[in-house]
Amino acid sequence: GTALARRISAEKNYLFHLVLKTIRLFHSEQNSYFQMRALIDDLHLLYQRRLYRACFRHLRRLRKLVSQHHYLPGALELHIWERRLLKEMPEKQRAVALERLVSEWRSLNDRLQNYLQLYQLHDEFYLSLVQRPVRQDRPLRETLDPLFAQPILQTPPPEAHFHARHFYYQIHALHAQIQGDGPACLELH
């Protein structure tokens, strides 16, 4: 009775994880996010085994994917790995690489700040909509207009700030929808 039930439960769990692994493998070749995750996982393995040349090859591939797909968490991970591998570079290349890293870190920092600020504003906007009181003693616009007046929402983020732009335009579309301006939702930049 119970031994068989435990065995069936264990087999079911094993098959479930096998199906997940198969789906992950299927998507890994078609999805850039999965490719980046696989490269990062490989970097961990190669670094632990001190295979630094292979690490540098993986970093070049990761850098290419990150720049093609503007994947912000991937850019952060790339920067961390490049920083970690600095000490394994030949002395002549280290200074140039460090200078590039410092410059890229500034840019990445700006992009992350923009992204996080707009993400937070988006969530505050959404929370205001969800928590909207049943009684209409105060119009929704009075609650949301101060959020919409934030300086960061007055001009779109630069093109390179792909994720920040996503939240910027979502907030503007929500605001236009709340004001009853449906066509403005479609005309956003």
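Use the structure listed above.
Small disclaimer: the values here were computed from a predicted structure and weren't measured.

Draft legend 1. Examining the overall build of the protein more closely. Looking only at helices and strands, the protein has eight helices and zero strands in total. Of the regular secondary structure in the protein, the N- to C-terminal order runs α-α-α-α-α-α-α-α. Put simply, 54% of the contacts in the protein that link residues at least 6 apart link residues at least 24 apart. Here the protein has roughly 13,400 Å² of accessible surface; of this, 56% comes from carbon and sulfur atoms.

Draft legend 2. A look at the layout of surface pockets. Taken as a whole, the largest pocket holds about 260 Å³ of empty space. If you trace the largest pocket, you find twelve residues lining it, with Arg 63, Val 66, Ala 75, Glu 104 and Arg 111 closest to the centre. Those elements that provide at least two residues to the lining of the largest pocket are α3 (52-69), α4 (72-85) and α5 (91-130). Across the lining of the largest pocket, the residue classes break down as five nonpolar, four polar and three charged. As a volume, the second largest pocket reaches approximately 210 Å³. Taken together, Phe 56, Leu 59, Arg 60, Arg 63, Glu 82, Leu 85, Met 89, Pro 90, Gln 93 and Arg 100 make up the full set of residues lining the second largest pocket. Counting residues per element, the lining of the second largest pocket draws most heavily on α3, at four residues. Tallied by class, residues from the lining of the second largest pocket come to five nonpolar, one polar and four charged.

Conventions adopted
- Residues numbered from 1 in each chain as written.
- Predicted model: local features only at pLDDT ≥ 70, side-chain atom pairs only at ≥ 80, totals over all residues.
- Heavy atoms only, no water.
- Helix = DSSP H or I, 4+ residues; strand = E, 2+ residues; numbered from the N terminus.
- Contact = heavy atoms within 4.5 Å.
- Areas by Shrake-Rupley, 256 points an atom, 1.4 Å probe, with all protein chains shown as cover.
- 1 Å grid on protein atoms, 1.4 Å probe; cavity = no way out; pocket = protein on both sides within 12 Å on 5 of 7 lines; lining within 4 Å.
- Points joined across faces, edges and corners; volume = space filled by probe spheres on them.
- Nonpolar A, V, L, I, M, F, W, Y, C, P; charged D, E, K, R; others polar.

Take it as geometry only, folks, not as evidence of what the structure does.
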